[in-house]
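# A structural walkthrough
Listed below, chain by chain, are the residues.
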Amino acid sequence: MDMVTWLRRIAITIRHKAYTVCKFALFLDSDYHTNSCLYLHNHETSLYINVRGVQGKCSVRYIDKEFKERGSFLISLMAERWVHSLSFFLVMVALHRADASAPAMFILGDSIADVGTNSLLPFSIIRADFPYNGIDFPSSQPTGRFSNGFNIVDFIANLTGFQISPPPFLSLVNNQSSTDEQFPKGVSFASGGSGLLDETGKYFGVVPLGQQIQQFATVQSNLTAAIGSEETEKLLSKSLFLISSGSNDIISRFPIIGGLTNEDFIESLSDAYDNHIKNLFKLGARKFAIVGVPAIGCCPLSRLSDDNDNCHKEMNEYARDFQTTLTALLQKLSSEYEEMKYSLGNVYEITTNIIDDPPAFNFKDVKKACCGTGRLNATFPCFQPIATVCSNRDDYLFWDLVHPTQHAAQLAAQTLYSGPQSLVFPINFSQLVEDD
């Protein structure tokens, strides 16, 4: 029996009224991972607990270190005992309970959110359906996720109350029984390499965001035919629409920059986002969980442009400026559309906080890719047998030349879901889910 399965079987949760008051956390001795992170969760509460060593040091970690002190978390180590090579920790936790959960999740965007779409595209050259991708997934097999295991959407879906992420739209379209069962629960349209602009990824055989919205229109139409317009409207108004897009548009602008000025280019991305959100709103979307663009100038691939492996300054300026522009756009749209609710994650700030102080978040390497080849493991993709893969994957911020590790995705997801306003504005994802 593998570690994850066994942990799930022995994990015990004791609830009292609105709070989870007791959890058992498991940690193996030094023959296993001595610096391991356990993610304990259920459909009502969630907590990211970092267990270091075998002496029972426990702490709650968020990307925003100040939130650790401001948050409503109370942790005390109550007991420790050895059973064979296992060390059990009884952790008392007072946690705010999230009673509400979205009836469905619809995922749109790029490779940060892709759970297998590109693997179903016969002509796509942006894919992750080969080893070493998926090495830490429960099956230890590639799933189409650009990760060593789960991605950020998987963790957000779980926090929202779903056991797994919604499946790719393309995996359902030719199976009527699957569509009837799955469409009311949500679908993923996200396609790695895509962007806000139709021309982004145009020659890579991916599905741009505009086309993803057209696919959602098909889902909306099928739902209307199956359950009626009134029930469809009610379902979609309470569903969570998670969007992660913009990074590839900016990356595609380098190293050759021409035509539009920087300001005009950012404005073109804003105009595209404006159009996409309005189209989704017309189709019934009301709750938008937006994952902002990270500090993409600091990914291993971008660092290759600097002889000293420093971050690509100009690319980061684009990402930062886009975050500012997107903030203003969403405020404007929410004032125009009274029923629209949104949460915008400042993933730029989240990633720079980690990069500026890796030990605070249990990272040891924030420059080099865990899997790849050459300088910074970023001169060739994570492709077996050419690539090498690190054994201590939780120590790395980056899995491959541009994507985060499962550990980084997990930490970012928890921050987006429960983090403070300084990182998730104007409310976090959990508040968006609960908002009726």
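The preceding data block contains the structure.
Right, let's walk through the structure included here. This one's a predicted model, so the numbers in the text were calculated from it and none came from an experiment.

### Overview of helix 6 (residues 229-238)
Burial in helix 6 covers these residues: Thr232, Leu235 and Leu236. Viewed end-on, helix 6 has its buried residues packed into an arc of 90°, placing them on one side of the element. Exposed side chains of helix 6 directed beyond 90 degrees from the buried face belong to Glu230 and Glu233. Taken together, the buried residues of helix 6 touch strand 8 (105-109), helix 5 (209-227) and strand 10 (240-244).

### What about the packing of helix 5 against helix 8 (residues 262-282)?
Between helix 5 and helix 8, whose axes approach to 10 Å, the crossing angle comes to 0°. Comparing the axis directions of helix 5 and helix 8 gives the class roughly parallel. Counted together, Leu209, Gly210, Ile213 and Phe216 of helix 5 and His276, Asn279 and Leu280 of helix 8 form the full contact between these two elements. Taken together, the residues that form the contact of helix 5 with helix 8 break down as four nonpolar, three polar and no charged.

### A look at the nonpolar core
Formed by 60 residues in total, the largest nonpolar core has its most connected members in Ile250 and Phe288. Counting residues in each nonpolar core, the second largest holds 28 residues, with Ala113, Leu242, Leu423 and Leu432 among its members.

### Here we look at the pattern of salt bridges
Counted by the stated rule, this structure contains twelve salt bridges. Between Lys234 and Glu231 there is a salt bridge, with the nearest N and O atoms lying 3.5 Å from each other. Placement of both Lys234 and Glu231 in helix 6 is noted, with a separation of three residues, approximately one turn of the helix. Residue classification places Lys234 among the partly exposed residues on the basis of a relative accessible area of 43%.

### Digging into the state of the cysteines
Applying the stated rule across the entire model yields three disulfides. In this model, Cys298 is linked to Cys311 through a disulfide, with the two sulfur atoms separated by 2.1 Å. Across the S-S bond linking Cys298 and Cys311, the dihedral sits near 110°, which makes this disulfide right-handed. Here Cys298 is found in the loop between strand 11 (287-291) and helix 9 (300-303), whereas its partner Cys311 is found in the loop between helix 9 and helix 10 (313-336), with 13 residues between them in sequence. Given the relative accessible area of 27%, Cys311 is considered partly exposed. Once the disulfide-bonded cysteines of the protein are ranked by sequence position, their pairing pattern turns out to be 1-2, 3-6, 4-5. No disulfide involves Cys299; its nearest neighbouring cysteine sulfur is the one of Cys298, lying 8.2 Å away. With relative accessibility at 3%, the residue Cys299 sits in the buried group.

### Considerations on unusual backbone geometry
Look at the link from Gln384 to Pro385: it is a cis peptide, with omega at 10°. Phi is positive for Asn362, close to 65°, though the residue is something other than glycine. By the element assignment, Asn362 lies in the loop between helix 11 (347-356) and strand 13 (365-369). With a relative accessible area of 14%, Asn362 lands in the buried category. The backbone of Asn377 sits at a positive phi, close to 55°, despite the residue not being glycine. Along the chain, Asn377 falls in the loop between strand 14 (371-372) and strand 15 (388-389).

### Considerations on helix 10
Here helix 10 is 24 residues long and its end C-alpha atoms lie 35 Å apart, about the 34 Å a rise of 1.5 Å per residue gives. Buried within helix 10 we find Met315, Asn316, Tyr318, Ala319, Phe322, Gln323, Leu326, Leu329, Leu330 and Leu333.

Conventions used here
Residues numbered from 1 in each chain as written. Predicted model: local features only at pLDDT ≥ 70, side-chain atom pairs only at ≥ 80, totals over all residues. Heavy atoms only, no water. Buried < 20%, exposed > 50% of the residue type's maximum accessible area, 1.4 Å probe, protein only. Helix = DSSP H or I, 4+ residues; strand = E, 2+ residues; numbered from the N terminus. Arc of directions from axis to C-beta. Contact = heavy atoms within 4.5 Å. Axes fitted to C-alpha atoms, helices over the stretch in contact; angles between N-to-C directions. Parallel < 35°, antiparallel > 145°, perpendicular 65-115°, else oblique. Nonpolar A, V, L, I, M, F, W, Y, C, P; charged D, E, K, R; others polar. Core = buried A, V, L, I, M, F, W, Y, C linked by side-chain atoms within 4.5 Å. Salt bridge = Lys/Arg side-chain N within 4 Å of Asp/Glu carboxyl O. Disulfide = S-S within 2.5 Å. Expected span 1.5 Å × (residues − 1).

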